[in-house]
Amino acid sequence: MLARKLTQQLGHPTQSLVGWLVKQFLERHNRVLEERAVRLCEIQPDSTVLEVGFGPGLGLQEAVQYLTDPRGKLLGLDYSEYMHKLARERLQDHIASGKVQLFQGRVESIPLPACSVDKVYHCNCHLYWPDMRAGNAELLRVMRPGKLPVPSYLSPARTSAHAQIFCPAE
């Protein structure tokens, strides 16, 4: 029962004890994964970048550092109201400046126009998408022509000391 509850919380964390444990896990174990995905995106200073499933905002916090041109924009989409709140707090200055914009919603219906994003990355969240085909189609819809998303995930045999990171772009 606890394993099922943890799995549900990984897919849609809520503001609860188990949700807090998921937050702690993500902040401790996903930092390297998020940083690597951001590096693989090769973000340019004036890029428009989208992270799907941003969790507590670690990847957003890393990516915004690359967007030094005033035209650079960072967008985030997460299904969880709790993770949206945490990331909003973490990035409040960047949100206030207009550099970062966060959305709460589903990958199957991203609230952005077609062909509006240069880079898209996501870490582990695709494992929890209810419809992988629809989610990927929506990512391709919002990306500019010729661009590909950067998905990354930890191997199922992950441990804090021996995480295997898979990023198809490598």
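Refer to the structure above for everything that follows.
Q: So what's going on with the pattern of salt bridges? Residues and values would help.
A: Evaluation of the coordinates by the stated rule reveals 6 salt bridges. Its salt-bridge partner being Glu108, residue Arg106 comes within 3.4 Å of it at the nearest N-O pair. The partner of Arg144 in a salt bridge is Asp118, with the nearest N and O atoms 2.5 Å apart. In this pair, Arg144 sits in the loop between α7 (132-142) and β5 (150-154) while Asp118 sits in the loop between β3 (100-104) and β4 (119-123), placing the two residues 26 residues apart along the sequence. Residue classification places Asp118 among the buried positions, given a relative accessible area of 15%.

Q: So what's going on with the environment of Pro111? Which residues, and what values?
A: Among the secondary structure elements, Pro111 is positioned in the loop between β3 and β4. Looking at Pro111, the relative accessible area reads 45%, which means it is partly exposed. Put simply, Pro111 and Leu77 are 34 residues apart on the chain and 8.9 Å apart in space, counted from C-alpha to C-alpha. Once residues lying within four places of it in the same chain are set aside, the contact partners of Pro111 are Leu77 and Phe103.

Conventions we followed
Per chain, residue numbering runs from 1 following the sequence as it is written. Local features in this predicted model are restricted to residues of pLDDT 70 or higher, and side-chain atom pairs are both shown and tallied only at a pLDDT of 80 or more, whereas totals for entire chains, interfaces and linings draw on every residue. The side-chain figures draw on all heavy atoms in the structure; neither hydrogens nor water molecules are used. Salt-bridge detection follows one rule: a side-chain nitrogen of Lys or Arg within 4 Å of a carboxyl oxygen of Asp or Glu. Segments assigned H or I by DSSP are reported as helices when at least four residues long, segments assigned E as strands when at least two residues long, and all are numbered from the N terminus. Partly exposed residues are those whose accessible area sits between 20% and 50% of the maximum for their type, while under 20% is buried and over 50% is exposed, using a 1.4 Å probe and protein chains only. Contacts: residue pairs with any heavy atoms within 4.5 Å of one another.

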